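Below are the chains, spelled out letter by letter.
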Amino acid sequence: MDRDDLAIYLHWPFCQSKCPYCDFNSHVAEKVDQDQWAEAFEVEVSRFAEELGPKRIASIYFGGGTPSLMHPETVDRILSAVRRNWSLRNDVEITLEANPSSVEVARFEGYKRAGVNRVSMGFQSLVDADLRALGRLHSVDTALKALESARSVFDRVSFDLIYARQDQSLGAWRAELTRALDLLPTHMSLYQLTVEDGTAFAQRLAAGALRGLPNEDLSVDLYELTQELCNTRGLYAYEVSNHAIPGYESRHNQIYWQGGDYVGIGPGAHGRLTLQGHRYATVAPKAPGAWLAQVRAGKAGEEPRDTLSSQAWAEELILMGLRTRDGIDLSRIERLTGRRVTEKALQGLLELAMIAQTGSQVNATAQGRLVLNAVIRALADRI
Ligand SMILES: C[S@@+](CC[C@H](N)C(=O)[O-])C[C@H]1O[C@@H](n2cnc3c(N)ncnc32)[C@H](O)[C@@H]1O
Ligand code: SF4
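Colleague: Honestly, the domain arrangement of the chain in this entry has me stumped. Any pointers?
Modeller: Interfaces are often sized by the accessible area lost when the parts come together. When cut into domains, the chain gives domain 1 (6-256) and domain 2 (309-383). Between the C-alpha centres of domain 1 and domain 2 there is a distance of 28 Å. If you look at the interface, domain 1 gives seven residues, while domain 2 gives seven residues. Ranked by the residues each element gives to the side of domain 1 that touches domain 2, the list is headed by strand β9 (residues 236-239), at four residues. Of the residues in the side of domain 1 that touches domain 2, the class split is six nonpolar, no polar and one charged.

Colleague: In this structure, what is going on with the site of ligand 2? I would like to understand it.
Modeller: Around ligand 2, a shell composed of C15, K18, C19, C22, F24, S26, G64, G65, T66, N99 and G122 is seen. Class assignment for the residues of the shell around ligand 2 results in four nonpolar, six polar and one charged.

Colleague: Got a minute to help me understand the environment of G260 in this structure?
Modeller: Take G260: it is sitting in the loop between α9 (251-257) and β11 (261-265). Separated by twelve residues in sequence, G260 and R272 place their C-alpha atoms 7.6 Å apart.

Colleague: Sorry if this is basic, but what is going on with the sheet that holds strand β17 (residues 361-364) here?
Modeller: The strands making up a sheet are joined through hydrogen bonds of the backbone, oriented either antiparallel or parallel. The sheet built from three strands is open, its strands ordered β15-β17-β16 with antiparallel pairing. In the strand order of this sheet, the two ends are held by β15 (328-329) and β16 (355-358), each with one partner. Across two bridges, β15 lies against β17 in antiparallel orientation. Across the sheet, residue I328 finds its bridge partner in β17, namely V362.

Thresholds, definitions, all that
- Residues numbered from 1 in each chain as written.
- Chains lettered and ligands numbered in written order.
- Predicted model: local features only at pLDDT ≥ 70, side-chain atom pairs only at ≥ 80, totals over all residues.
- Domains from an automatic or database assignment.
- Contact = placed C-beta atoms within 7 Å.
- Helix = DSSP H or I, 4+ residues; strand = E, 2+ residues; numbered from the N terminus.
- Nonpolar A, V, L, I, M, F, W, Y, C, P; charged D, E, K, R; others polar.
- Near = placed C-beta within 6 Å.
- Pairing = 2+ DSSP bridges.

Quick look at the structure:
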């Protein structure tokens, strides 16, 4: 992939209901005027294109919220705007996140006609009782039917599962993950449940009503079992929570983790842009109504952007890069930011076998990945 290529993240902030564990920028709305929303996305695409000039687009990602609540026409209008303003790589990846409770074949076909070529589905669990505990609207049967529909339309289909759930034993996760692997996925995102501040789960936990979460030992065992089972089936972890058969890794994810440039459009969307050697962070207003009003009033992008300091940029490259199997390239970090990790910090971690180094490439070992945050801190604090 050419490092000058650009990715686009588009945030659709609406959901049918709010899941109790979720702290994404997602809202339940009575009615959404999709025409207005499509127009606002078109305006924002043109605005960024005017600023950034000609670019080749390597990846477009519709995330949410629940982008599968978008009408195919809305997706088509946005992708047409991207095509009018920029050129797309021949092998562009265009992903849409889909919720099993809001898809059927006709809808997938509409997305495909619009240009979408990859779908990522939020399964979360393959156990009905646990789907209910997670507040999901779909059943296992619905998820499996949605998978079948998606596969009848797209070559690249991924699904997400959340593990380390309440009362989940090692044996139960083994059975569930085996069932998932028996579906022969080419890509899976497997996240350990985190109780995020401000969610209904956090309130329940504080009130002592969220019982049966795994202790640290069980969490580590669940993680290791996940790696073992996925490796046996050739779905390697190319990032901490993302597994793929070689060749099916998500390009969008890789652009994020390698510190590439991406435009973020939609409520609360983040972006990262490198302009004249400086790294800029962009973030759009979070509330859907505020974002829409700002764009419609022609006032989007008026606030000054955050420029990342060379230290913050280098830290971000380490933070994102070390989560991946390929790790970080020390020379590249130095070339971009002028900062280099100290030999002392590297030596310390090498001696503990937390990292491995080949030339200027450094990655976390299996052992290091278990304490990844500490490894990242040890490097990022010494640049
Ligand atoms: C933005 S959501 C996307 C998809 C879609 N809205 C859905 O839920 O089906 C991305 C993924 O993050 C994961 N996720 C969200 N909240 C989480 C949490 N608190 N702990 C672990 N994983 C979480 C879920 O697997 C979810 O599918
Ligand atoms: S997990 Fe997905 S469906 Fe549930 S509230 Fe969050 S974004 Fe919406």
